[in-house]
Amino acid sequence: AKAEARGSFRFFEPEMDARLQARRLLERDLREAVTAESFELHYQPIYDLNAERVCGFEALLRWNHPERGRISPAEFIPLAEELGLIIPLGEWVMRRACQEASRWPDGLKVAVNVSAVQFTSARLIGAVRDALAVSGLPGRRLELEITESVLVANPGTTTAMLHSLKGLGARVSMDDFGTGYSSLSYLRSFPFDKIKIDQSFVRDLGQADDSGFIVRAVIGLGASLGMTTTAEGVETEAQLARLRGEGCDEVQGYLFSRPVPSSEIPGLLRRWNGE
Ligand code: C2E
Ligand code: CA
Ligand code: CA
Ligand code: CA
């Protein structure tokens with residue numbers, strides 16, 4: 001058995017090396033990319049079902065790797081968090097999103113994702129204040145999306161931070177709602193302006209035994225707490241019809257548009273808002 005174990009060890013070793021090597025290369029490239037700011041933001045429209053028009057865009061980070069092509073944020077954001085790079089990267093996102101949004105027609109909002117590491121950093125407030133000041137974007141046109149996992153870690157600090165952000169005029173949204181551990185009633189203790197219903201609940205709307213009751217409960221709770229509800233990942237007319245019927249306020253998904261580069265925003269607004 002000993003010989004076998006040693007054999008398998010020798011067998012796996014080069015493979016482990018290759019994976020470690022690949023990770024080190026990705027680390028190196030990510031560090032360089034952060035320094036060189038070689039990222040781009042794409043924007044996905046958020047459609048207001050009451051006003052029947054696009055009311056804003058969510059900024060989504062894109063990294064075009066020189067050899068590997070486009071790498072998903074789901075892959076490089078956790079790495080950036082681990083390496084402490086999410087702070088400079090997140091600040092770049094904040095500045096760029098505010099700057100680009102300041103050129104959109106007035107009233108359109110920009111939603112920016114804030115990672116848990118950023119949210120618990122003492123630098124966040126200053127970074128948001130600077131991004132608003134430099135771009136001239138009014139705070140009321142900025143939304144900050146924070147995932148549920150942040151709440152559970154430290155409820156007291158979370159509430160204080162949310163109030164500070166709102167003090168700058170920004171709105172705060174609970175992202176990916178329903179995927180974490182917090183209960184519906186837990187949400188009441190935090191001053192969120194918006195709940196984003198995770199796409200996993202939207203996906204199976206209209207199918208047998210669907211999660212419609214969850215979607216209904218979240219929309220009902222949002223309404224009673226005075227929070228806007230936004231459904232993510234809307235891909236079909238059937239899902240849209242269900243969400244309308246339940247009184248959802250806003251929708252976002254491939255049915256309307258994929259995230260697009262900034263240059264495509266004017267065309268998109270002409271199409272949806274006639275402006
Ligand atoms: P998220 O914040 O939940 O963003 C929504 C994701 O769903 C985006 O993926 C978007 O492209 C995708 N999506 C939109 N509509 C649909 C649809 O109809 N169907 C499906 N299947 N997907 C749809 P993306 O751009 O790959 O981003 C993945 C995640 O990476 C984001 O999830 C967010 O957690 C994170 N992320 C992206 N940009 C940033 C950023 O600037 N900062 C931070 N901290 N995180 C970011
Ligand atoms: Ca988001
Ligand atoms: Ca989300
Ligand atoms: Ca997500």
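Computed from a predicted structure; not experimentally measured.

Asker: Describe the packing of aromatic side chains, and please don't skip the residues or the numbers.
Answerer: Applying the stated criterion to the full structure yields 10 aromatic pairs. Where Tyr-47 meets Trp-272, the ring centres are 5.7 Å apart and the plane angle is 65 degrees; that geometry is what we call edge-to-face. Remark: Trp-272 occurs in helix 11 (residues 265–273) and Tyr-47 occurs in strand 1 (residues 39–48); sequence separation between them is 225 residues. Ring plane angle 85 degrees and centroid distance 5.5 Å describe the contact between Trp-63 and Phe-76, whose orientation is recorded as edge-to-face.

Asker: So what's going on with the coordination of the calcium ion (ligand 2)? Residues and values would help.
Answerer: Angles between donor atoms at a metal ideally measure 109.5 degrees for a four-coordinate tetrahedral arrangement and either 90 or 180 degrees for a six-coordinate octahedral one. Each protein donor to the calcium ion (ligand 2) is listed here as Glu-58 (OE), Asn-113 (OD1), Glu-145 (OE) and Asp-175 (OD); together their distances run 2.2 to 2.4 Å. In this structure, the calcium ion (ligand 2) lies 3.8 Å away from the calcium ion (ligand 3), the two metals sharing Asp-175 as a donor. A residue pair is termed long-range when its members are at least 10 positions apart, and Glu-58 in strand 2 (residues 53–65) and Glu-145 in strand 5 (residues 142–147) qualify at 87 residues. Exposure class is identical for Glu-58 and Glu-145. Each is buried.

Asker: Break down the layout of surface pockets for me, citing the residues and quoting the values.
Answerer: Put simply, the largest pocket is a space of about 1100 Å³. Forming the boundary of the largest pocket are 36 residues, of which Glu-58, Leu-60, Pro-73, Asn-113 and Asp-175 lie nearest the centre. Here the lining of the largest pocket is composed, by residue class, of 14 nonpolar, 11 polar and 11 charged.

Asker: Outline the nonpolar core, listing residues and values.
Answerer: For soluble globular proteins, the rule of thumb is that nonpolar side chains tend to be buried together. With 76 residues, the main nonpolar core has Phe-39 and Leu-142 as its most contacted residues. The leading source of residues in this core is helix 3 (residues 86–101), at 9 residues. In contact with Leu-142, other than residues within four places in its own chain, are Met-94, Cys-98, Val-110, Val-112, Val-128, Leu-132, Leu-137, Ala-170 and Arg-171.

Asker: Account for the coordination of the calcium ion (ligand 4), with residues named and values stated.
Answerer: The calcium ion (ligand 4) binds to the protein through Asp-176 (OD) and Asp-176 (OD); the donor distances cover 3.0 Å. Between the calcium ion (ligand 4) and the calcium ion (ligand 2), the interatomic distance is 6.0 Å.

Asker: Run through the pairing of strand 5, naming residues and quoting values.
Answerer: For a regular strand, the rule is simple: side chains alternate between the two faces of the sheet. Of all 6 residues in strand 5, 5 are buried, a share of seventy percent or more. The pairing of strand 4 (residues 109–114) with strand 5 spans 5 bridges and is parallel. Paired with Val-112 across the two strands is Leu-144, which belongs to strand 5. Here 5 bridges tie strand 5 to strand 6 (residues 171–177), and the two strands are oriented parallel to one another. Bridge pairing links Glu-143 to Arg-171 in strand 6.

Asker: Can you explain helix 3? Please cite residues and give values.
Answerer: An ideal rise of 1.5 Å per residue puts 22 Å on 16 residues; helix 3 measures up with 22 Å between its terminal C-alpha atoms. Most of helix 3 sits out of view: 12 of its 16 residues are buried. Listed in full, the buried residues belonging to helix 3 are Ile-86, Ile-87, Leu-89, Gly-90, Glu-91, Trp-92, Val-93, Met-94, Ala-97, Cys-98, Glu-100 and Ala-101.

Asker: Before we move on, can you summarise helix 9 (residues 212–225) with the specific residues and values?
Answerer: Helix length check: helix 9 (14 residues) gives 20 Å between terminal C-alpha atoms against 20 Å at 1.5 Å per residue, within 8%. Along helix 9, the residues classified as buried are Gly-212, Val-215, Val-218, Ile-219, Leu-221 and Gly-222. On its buried face, helix 9 sits against strand 6, strand 7 (194–197), helix 8 (199–203), strand 8 (228–231) and helix 10 (237–246). At the C-terminal side of helix 9, Gly-226 shows a positive phi close to 70 degrees.

Asker: Could you give an account of the pairing of strand 6, with specific residues and numbers?
Answerer: Burial analysis of strand 6 places 5 of its 7 residues in the buried class, the great majority of the element. As paired strands, strand 6 and strand 7 are joined by 3 bridges and run parallel to one another. In the strand pairing of strand 7, Ser-173 is matched with Lys-194.

About the cut-offs
- Residues numbered from 1 in each chain as written.
- Chains lettered and ligands numbered in written order.
- Predicted model: local features only at pLDDT ≥ 70, side-chain atom pairs only at ≥ 80, totals over all residues.
- Heavy atoms only, no water.
- Phe/Tyr/Trp six-rings, centres within 6.5 Å; stacked < 30°, edge-to-face > 60°.
- Helix = DSSP H or I, 4+ residues; strand = E, 2+ residues; numbered from the N terminus.
- Donors = N, O, S within 2.8 Å, 3.2 Å for Na, K, Ca; no water.
- Buried < 20%, exposed > 50% of the residue type's maximum accessible area, 1.4 Å probe, protein only.
- 1 Å grid on protein atoms, 1.4 Å probe; cavity = no way out; pocket = protein on both sides within 12 Å on 5 of 7 lines; lining within 4 Å.
- Points joined across faces, edges and corners; volume = space filled by probe spheres on them.
- Nonpolar A, V, L, I, M, F, W, Y, C, P; charged D, E, K, R; others polar.
- Core = buried A, V, L, I, M, F, W, Y, C linked by side-chain atoms within 4.5 Å.
- Contact = heavy atoms within 4.5 Å.
- Pairing = 2+ DSSP bridges.
- Expected span 1.5 Å × (residues − 1).

Shape descriptors only; they carry no functional weight alone.
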